[in-house]
Amino acid sequence: MKTQVLVIGGGVGGLTAALKLAKCGIDVCVVEQTKGSAHMYKGELLQPKSLEIFHQLGINKPILKAGHQINEIEMNEMKRKNGKYVKLGTATMRYSIIESEYNYALMIPHERLKEVLLEKAKEFPAFHYIQPAKFKEFKNQAAVVRSNKEEFIIEADYYIGAEGRRSNVRNAMNVKLNEHEYDHHFLTVTFERPVSMTEGKIISTPHAFLGLFPLPNNEVRTVYLIQSGEYQSLKERGIEHFHKKYIDLCPELDGYVTNLKEWKKIQLMIPVHFHAETYVKGNMAIIGDSAHSVHPMAGEGMNLAIQDGDVLGELLCWMYKHDEHSPVNLKWYEKVRKSRVDFILNLSHLSALAYSKPFRYFGSLRNRSLKQMTEDEKLHTKQMLNISGLGIWKESFYDRLVQIGMLPPRTLQNIELLHTRYMFTYENDYPWEVKGRFG
């Protein structure tokens, strides 16, 4: 068969790109190898930039309906005293400090998000979807795909690799990676939550980290940090030991986490950090986890894939509209996205280091830093703007001194006017619309 754009991988990044192309009337085919819903944990926290993109795609209403709005994340630092955890301090990171219509995040079940994207894409005649279908290799500049024990060839003008970390498209591009594995892993599981638990919460100690993010239908997605190699010994100690770790840190989970009766519902996440040296080669491009893997601490992996798909999809729409089919134009996608992804990867990496090192005084340092950050309007706005995806406002040396408590927090009356200049504009996201062909 022939198509204009072949998207290999039907995750949220691939579907975002495909939906944008189909809306432009470009013939696009998505091949997805899984037979049904994926059972492994995938991202569920949509940041403001992703919500903005979905609004532009016309699917914000079903997504908002299927999700749970997160307005703030409460950061609690604890320490053990007389055999129990007591609160050392609390700081609250608020999305509302961002001057934008999208000044909140959204928790949504991953598979439901995929369903919304797929349902919308199927409304367009230009969209085609083949499942299950596995991409094997390129032969004579066409894709060899296997589906239901049969192989067939798909010819396309452009190929998008969106298959995740083990990307065959990336391998075909001969792009090498330097993977960094962390010295810690995560346990993640969803269960029923207390009705009062409506906002995000992070609980940390010098030796533990627990993230709690409410989902719809009175559920909560939980993430618990363990040291590398600790998983098997935890399982051997029984599910009750797991319950106790949660309840010690968050007593209100008693009667909820205890409803977990078997370990098989708890998934092990092994964080890996890498960034491909290039996203584009000839008429091939990679997006999402095919191009980069970010530490899950800041909840950015899925959002980076969505934002990749948006930029690449918009670029291809422009290339077809203006008959600008030199593959060198794909470099616009890399130019826009690579530096932004690099910034987020570094931000997440620093967060991982701040929460994963079991040093005695880390708790006090984190508590002071977070307190200063949330009391200083400029620092608070920078942090929330950066994780939102709506812009980048880098921290200065002066900011660092405030953060560690060497300088007092600042209160700025014109913070809205200050930070809007660091928010991405239409021209920042899609510069080819102004500058034309690449180079």
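Residues numbered from 1 in each chain as written. Predicted model: local features only at pLDDT ≥ 70, side-chain atom pairs only at ≥ 80, totals over all residues. Heavy atoms only, no water.

### Let's talk about the overall build of the protein chain
Tallying secondary structure elements over the protein chain gives 15 helices and 21 strands in all. For the protein chain, whose C-alpha radius of gyration is 22 Å, the value lies close to the compact-globule estimate of 22 Å for 439 residues. Along the longest, intermediate and shortest principal axes, the C-alpha atoms of the protein chain span 70 × 55 × 40 Å. Across the 439 residues that make up the protein chain, the buried fraction comes to 55%. About 19900 Å² of surface is accessible on the protein chain, with carbon and sulfur atoms providing 49% of the total. (Helix = DSSP H or I, 4+ residues; strand = E, 2+ residues; numbered from the N terminus. Rg over C-alpha atoms; globule rule 2.2 N^0.38 Å. Buried < 20%, exposed > 50% of the residue type's maximum accessible area, 1.4 Å probe, protein only. Areas by Shrake-Rupley, 256 points an atom, 1.4 Å probe, with all protein chains shown as cover.)

### Some thoughts on the side chain of Asn 76
Along the chain, Asn 76 falls in strand S5 (residues 72-81). The class for Asn 76 is buried, based on a relative accessible area of 4%. Apart from residues no more than four positions distant in its own chain, Asn 76 is found in contact with Lys 87, Gly 89, Thr 90, Lys 201, Ile 202, Ile 203 and Ser 204. (Contact = heavy atoms within 4.5 Å.)

### Some words on the pairing of strand S11 (residues 150-161)
Of the pairings in the sheet, the one linking strand S1 (residues 2-8) to S11 comprises six bridges and is parallel in character. For Ile 8, the partnering residue across the bridge sits in S11 and is Gly 161. Bridge count for strand S10 (residues 142-147) against S11 is five bridges, and the pairing is antiparallel. For Arg 146, the partnering residue across the bridge sits in S11 and is Glu 151. In sequence, S10 turns back onto S11 through a hairpin of two residues, with Asn 148 there showing a positive phi of about 50°. Sheet topology note: the S11/strand S20 (residues 284-286) ladder contains three bridges and is parallel. Residue pairing across strands places Tyr 159 opposite Met 284, the latter belonging to S20. (Pairing = 2+ DSSP bridges.)

### Digging into the sheet that holds strand S18 (residues 272-275)
If you trace the three strands from one edge of the open sheet to the other, you get S12-S18-S21, paired in antiparallel fashion. Of all the strands in the sheet, just strand S12 (180-181) and strand S21 (292-293) have a single pairing partner and so form its edges. As defined by bridge partners, S12 adjoins S18 across two bridges and the pair is classed as antiparallel. Residue pairing across strands places His 180 opposite His 273, the latter belonging to S18.

### A short note on unusual backbone geometry
The omega angle of the peptide bond from Gln 131 to Pro 132 is -5°, so this bond is cis rather than trans. Position of Pro 132 among the secondary structure elements: in the loop between strand S8 (127-130) and strand S9 (134-139). Even without being a glycine, Asn 174 presents a positive backbone phi close to 60°. Along the chain, the position of Asn 174 falls in the loop between helix H5 (168-172) and S12. Residue Asp 323 is not a glycine yet carries a positive backbone phi of 55°. Tracing the sequence through the fold places Asp 323 in the loop between helix H8 (301-321) and helix H9 (331-356). Taking the relative accessible area as the measure of exposure, Asp 323 reaches 60% and is therefore exposed.

### Comments concerning the nonpolar core
One finds Val 5 and Leu 46 to be the most contacted residues of the largest nonpolar core, which totals 113 residues. Other than its neighbours up to four places away in sequence, Leu 46 contacts Leu 51, Phe 54, Ile 63, Ala 105, Leu 106, Ile 108, Leu 113, Met 302, Asn 303 and Ile 306. In terms of nonpolar packing, the next biggest core, distinct from the first, is built from 25 residues, Met 78, Leu 187, Tyr 246 and Leu 249 among them. (Core = buried A, V, L, I, M, F, W, Y, C linked by side-chain atoms within 4.5 Å.)

### Concerning helix H4 (residues 110-121)
The end-to-end C-alpha distance of H4, which contains 12 residues, comes to 17 Å, matching closely the 16 Å that a straight helix rising 1.5 Å per residue would cover. Most of H4 sits out of view: nine of its 12 residues are buried. Three or more residues of H4 are buried, namely His 110, Glu 111, Leu 113, Lys 114, Val 116, Leu 117, Leu 118, Lys 120 and Ala 121. Summarising the contacts, the buried residues of H4 are in contact with helix H1 (12-23), strand S3 (45-46), helix H2 (48-56), helix H3 (60-66), S8 and H8. (Expected span 1.5 Å × (residues − 1).)

### Overview of the sheet that holds strand S6 (residues 84-94)
Strand order across the open sheet formed by seven strands is S6-S5-S14-S15-S16-S13-S17, with mixed pairing between neighbours. Across the chains shown, the open sheet's two edge strands, defined by having one partner strand only, are S6 and strand S17 (267-269). Going across the sheet, the axis of each strand differs from the next one's by a mean of 20°, ignoring polarity. Of the pairings in the sheet, the one linking strand S13 (residues 184-192) to S17 comprises three bridges and is antiparallel in character. Each residue of the ladder has a partner; that of Leu 187, found in S17, is Leu 268. (Axes fitted to C-alpha atoms, helices over the stretch in contact; angles between N-to-C directions.)

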